[in-house]
Amino acid sequence: MTLDEAREAFVLHLRGERRCSERTVSEYGSDIGGLADFAKGTRVDALEDVRAIDLELLRAWLGRLSRQYSAASMMRKVAAVRTFMRWLRKRKIIEHSPADQLATPKVRRGLPTLLSVDAAKEVVETADPSTPMGARDRSCLELLYGSGLRVSELCSLDIASVDLRGATARVMGKGSKERIVPLGAPTVRALEAWLRVRAGVVRSRQKTQDPVALLLTVRGARLFPRAVWDIVHKYGTVGAGRSDLHPHALRHTCATHMLDGGADLRAIQELLGHASLSTTQRYAHVSVGHLLRAYDAAHPMARAKR
């Protein structure tokens, strides 16, 4: 099997059997395509037969990439080629996976970007629900902060996904895993306001709109991730003076404020749709940091040390 043939079959496996997100499918497919491009100029034997791929080739490929990409990007590329080679081994196309001997790049994980409770409220409430786009933006911000949704989850919501009477929403998360998330009273009110004016949002030329999508662009199409980033950037700048604010920061803020309010880590894990509790535990470190800063600023023994 050639490397290009193996890549095409691998992409189908990711999309069909593993039901990975389109982003993962695209990135892993691109990474293996990059390996194929590298092999064209250095190891034609590996391009023509995946059994010729060895540790030397993989290290040379990653070594060249390491001068262009961050440690986080390199970690993903290592993960992609490991998954690819293990898939080949499982299908008995190769006997062993040389990628298993690759070292994983070390990535320093910073603490998540956060807003205070007051700042988060300012960001969300800056959107004016008296206009159609303001009502939509308010709904977006309420869902991101109030229910901790990912951008992809927000954009994929349909009208039928939301139960305003029951104050819940059905969300399709990573790996096509569905979960139910609660909707706070402000979120329900924001969605009610948006749904009252949604019908008036149409494409300027076709005079039609997406019939099922919950959130729409000004032209009536389903809202897309880049537009959500622009919305959060706009209201982050105006409402909190934070031009660096991004959608995931509202998700981080939601989780941390819940933890500060006494929520259990397991409950937060369920809300956010984390596969591993260790991912959720990052927010515990953030809350501890807030506690230490508050202690340093307020406790007399802390001040005595200075």
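Here the structure is shown first, and the text comes after it.
Residues numbered from 1 in each chain as written. Predicted model: local features only at pLDDT ≥ 70, side-chain atom pairs only at ≥ 80, totals over all residues. Heavy atoms only, no water.

A.B. asks: Help me understand the overall build of the protein, please; the structure alone is not making it clear to me.
C.D. replies: The helix and strand inventory of the protein stands at 15 helices and three strands. Counting over 306 residues, the protein shows a buried share of 42%. Considering only contacts in the protein between residues 6 or more positions apart, those separated by 24 or more positions represent 54%. (Helix = DSSP H or I, 4+ residues; strand = E, 2+ residues; numbered from the N terminus. Buried < 20%, exposed > 50% of the residue type's maximum accessible area, 1.4 Å probe, protein only. Contact = heavy atoms within 4.5 Å.)

A.B. asks: For this particular structure, what's the right way to read the pattern of salt bridges?
C.D. replies: Pairs can form between side chains of opposite charge once their charged atoms are near each other. Counting across every chain of the model gives 19 salt bridges. Lysine 77 is the salt-bridge partner of aspartate 31, the closest N and O atoms lying 3.0 Å from each other. Taken together, the residues aspartate 31 in helix H2 (residues 22–42) and lysine 77 in helix H5 (residues 71–90) connect sequence positions 46 residues apart. You'll find aspartate 31 and lysine 77 in the same group, each marked buried. (Salt bridge = Lys/Arg side-chain N within 4 Å of Asp/Glu carboxyl O.)

A.B. asks: What am I meant to see in the sheet that holds strand S1 (residues 162–163) here?
C.D. replies: Two modes of strand pairing occur in sheets, parallel and antiparallel, and in both the strands are linked by backbone hydrogen bonds. Spatially, three strands are ordered S1-S2-S3 in an open sheet, and the strand pairing comes out antiparallel. The open sheet has two edge strands with one neighbour each: S1 and strand S3 (178–182). (Pairing = 2+ DSSP bridges.)

A.B. asks: I tried to follow the nonpolar core on my own but got confused; where do I start?
C.D. replies: One broad rule of soluble globular proteins: the nonpolar side chains tend to lie buried together. Membership of the largest hydrophobic core comes to 45 residues, with the highest contact counts inside it found for Leu141, Leu143, Leu154, Leu215, Val228 and Leu250. Elements that contribute at least two residues to this core include exactly helix H6 (117–126), helix H7 (132–146), helix H8 (151–155), strand S2 (168–172), helix H9 (185–197), helix H10 (225–240), helix H11 (247–260) and helix H12 (265–272). The element contributing the most residues to this core is H7, with six residues. Not counting chain neighbours up to four residues away, the residues in contact with leucine 143 comprise Gly148, Leu149, Leu154, Leu157, Leu183, Thr187, Leu191 and Leu215. (Core = buried A, V, L, I, M, F, W, Y, C linked by side-chain atoms within 4.5 Å.)

A.B. asks: When you look at the packing of H6 against H7 in this model, what are you seeing that I'm missing?
C.D. replies: Think of two packed helices as two axes; the pair is described by the angle between the axes and how far apart they sit. At a minimum axis separation of 8 Å, H6 and H7 run at an interaxial angle of 150°. Compared by their axis directions, H6 and H7 come out roughly antiparallel. Note on element contacts: H7 touches H6 through Arg138, Leu141, Glu142 and Tyr145, opposite Ala120, Val123, Val124 and Glu125. Among the residues forming the contact of H6 with H7, the class breakdown is five nonpolar, no polar and three charged. (Axes fitted to C-alpha atoms, helices over the stretch in contact; angles between N-to-C directions. Parallel < 35°, antiparallel > 145°, perpendicular 65-115°, else oblique. Nonpolar A, V, L, I, M, F, W, Y, C, P; charged D, E, K, R; others polar.)

A.B. asks: When you look at the packing of aromatic side chains in this model, what are you seeing that I'm missing?
C.D. replies: For any pair of aromatic rings, the description consists of the separation of the ring centres together with the inter-plane angle of the planes. Summed over all chains, the structure comprises three aromatic pairs. Seen from their ring centres, phenylalanine 10 and phenylalanine 84 are 5.2 Å apart, and the 70° between their planes marks the pair as edge-to-face. Taken together, the residues phenylalanine 10 in helix H1 (residues 3–17) and phenylalanine 84 in helix H5 connect sequence positions 74 residues apart. The class of phenylalanine 10 is buried, set by a relative accessible area of 0%. Given the relative accessible area of 0%, phenylalanine 84 is considered buried. Both rings, one in phenylalanine 84 and one in tryptophan 87, keep their centres 6.3 Å apart while their planes meet at 25°; by these two values the pair is stacked. Within this pair, phenylalanine 84 and its partner tryptophan 87 are both found in helix H5, separated by three residues, close to a single helical turn. Accessibility assignment for this pair places phenylalanine 84 and tryptophan 87 in one class, buried. Feature note: the residues Phe10, Phe84 and Trp87 constitute an aromatic cluster, connected by ring pairs. Directly above the ring of tyrosine 69 sits lysine 77, whose terminal nitrogen or CZ lies 4.5 Å from the centroid. (Phe/Tyr/Trp six-rings, centres within 6.5 Å; stacked < 30°, edge-to-face > 60°. Lys NZ or Arg CZ within 6 Å of the ring centre and 35° of its normal.)

A.B. asks: Before we go on, may I ask you to explain H10 in this structure?
C.D. replies: The α-helix winds at 3.6 residues per turn, so residues separated by three or four positions along the chain end up facing the same way. Compared with an ideal rise of 1.5 Å per residue, which puts 16 residues at 22 Å, H10 spans 21 Å between its outermost C-alpha atoms and is within 8% of the ideal. Along H10, the residues that are buried comprise Ala227, Val228, Ile231, Val232, Tyr235, Gly236 and Gly239. Relative to the axis of H10, the buried residues are bounded by an arc of 165° and lie together on one face. Exposed side chains of H10 directed beyond 90 degrees from the buried face belong to Arg226 and Val238. Here the buried face of H10 lies against H6, H7, H8 and H11. (Expected span 1.5 Å × (residues − 1). Arc of directions from axis to C-beta.)

A.B. asks: So what exactly am I meant to see when it comes to the pairing of S3 here?
C.D. replies: Consecutive side chains of a regular strand alternate in pointing toward one face of the sheet and then the other. The two faces of S3 differ: Arg179 and Val181 on one face are buried, but Glu178, Ile180 and Pro182 on the other face are not. Strand direction decides the pairing type here: S2 and S3, joined by five bridges, are antiparallel. When the sheet's bridge partners are listed, arginine 170 is paired in S3 with isoleucine 180. Counted along the chain from S2 to the antiparallel partner S3, the turn is five residues long, and its residue glycine 175 has a positive phi close to 65°.

A.B. asks: How do you make sense of the environment of leucine 250 when you look at a structure like this?
C.D. replies: Note on placement: leucine 250 falls in helix H11. Separated by 101 residues in sequence, leucine 250 and leucine 149 have C-alpha atoms that sit 8.7 Å apart.

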